[in-house]
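Reading the structure
If you want the building blocks of each chain, they are given just below.
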Amino acid sequence: MKLSLARDVTLTPLDSGAVLLDGRRGRYWQLNESGSTILRKLLDGDTPDTAAAGLSAAAPVSEAQAHKDVMALVDALSAANLVEVSR
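So, here's what we can say about the structure. (Residues numbered from 1 in each chain as written. Predicted model: local features only at pLDDT ≥ 70, side-chain atom pairs only at ≥ 80, totals over all residues. Heavy atoms only, no water.)

**Some thoughts on the overall build of the protein**
- Counting its secondary structure elements, the protein contains three helices and five strands.
- Scanning the protein from its N terminus toward the C terminus, one meets helices and strands in the order β-β-β-β-α-α-α-β.
- Here the protein has a C-alpha radius of gyration of 12 Å; the compact-globule value for 87 residues is 12 Å, and the two agree.
- Expressed as lengths along the three principal axes of its C-alpha atoms, the size of the protein is roughly 35 × 30 × 20 Å.
- Across the 87 residues of the protein, 31% fall into the buried class.
- Contacts in the protein between residues at least 24 apart in sequence constitute 42% of all its contacts with a sequence separation of at least 6.
- Here the protein has roughly 5,200 Å² of accessible surface; of this, 49% comes from carbon and sulfur atoms.
- When the 9 basic and 11 acidic side-chain charges of the protein are each reduced to a single mean position, those positions are 7 Å apart. (Helix = DSSP H or I, 4+ residues; strand = E, 2+ residues; numbered from the N terminus. Rg over C-alpha atoms; globule rule 2.2 N^0.38 Å. Buried < 20%, exposed > 50% of the residue type's maximum accessible area, 1.4 Å probe, protein only. Contact = heavy atoms within 4.5 Å. Areas by Shrake-Rupley, 256 points an atom, 1.4 Å probe, with all protein chains shown as cover. Lys, Arg positive; Asp, Glu negative; His and termini not counted. Charge placed at Lys NZ, Arg CZ, Asp CG, Glu CD.)

This is the structure in structure tokens:
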């Protein structure tokens, strides 16, 4: 799976996470630190499994739950047309 930001979407890091701005609609999404880290890893080419392993190592969450969380983030961002997913 390859993830990329949709056209006209920008990612701005913050101290507490990141903001995705959809320039087409003038809407933004705020991500917490975990969500921001996961998204950056996926944009850099990590697989969902690798991103989930990193999340599980950094937080008190099982790898299975971390994988569900990673996929839920991808699904939500994809449904909002903020990212493009190619398999």
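**Topic: the pairing of strand β4 (residues 27-32)**
- For strand β3 (residues 17-22) and β4, the ladder comprises six bridges, and the chain directions are antiparallel. By the bridge assignment for β4, L20 is matched with W29.
- Hairpin connection from β3 to β4: four residues lie between these consecutive antiparallel strands, with G26 at a positive phi of about 70°. (Pairing = 2+ DSSP bridges.)

**Regarding the nonpolar core**
- Core analysis: the biggest nonpolar cluster contains 19 residues, and L20, L39, L42 and L77 have the highest contact counts within it.
- Contributions of two or more residues to this core are made by α1 (33-43), α2 (48-58) and α3 (63-79).
- At five residues, α3 tops the list of elements feeding residues into this core.
- Every residue in contact with L42, bar those within four places of it in the chain, is listed here: M1, L3, T47, P48, A51, V70 and V74. (Core = buried A, V, L, I, M, F, W, Y, C linked by side-chain atoms within 4.5 Å.)

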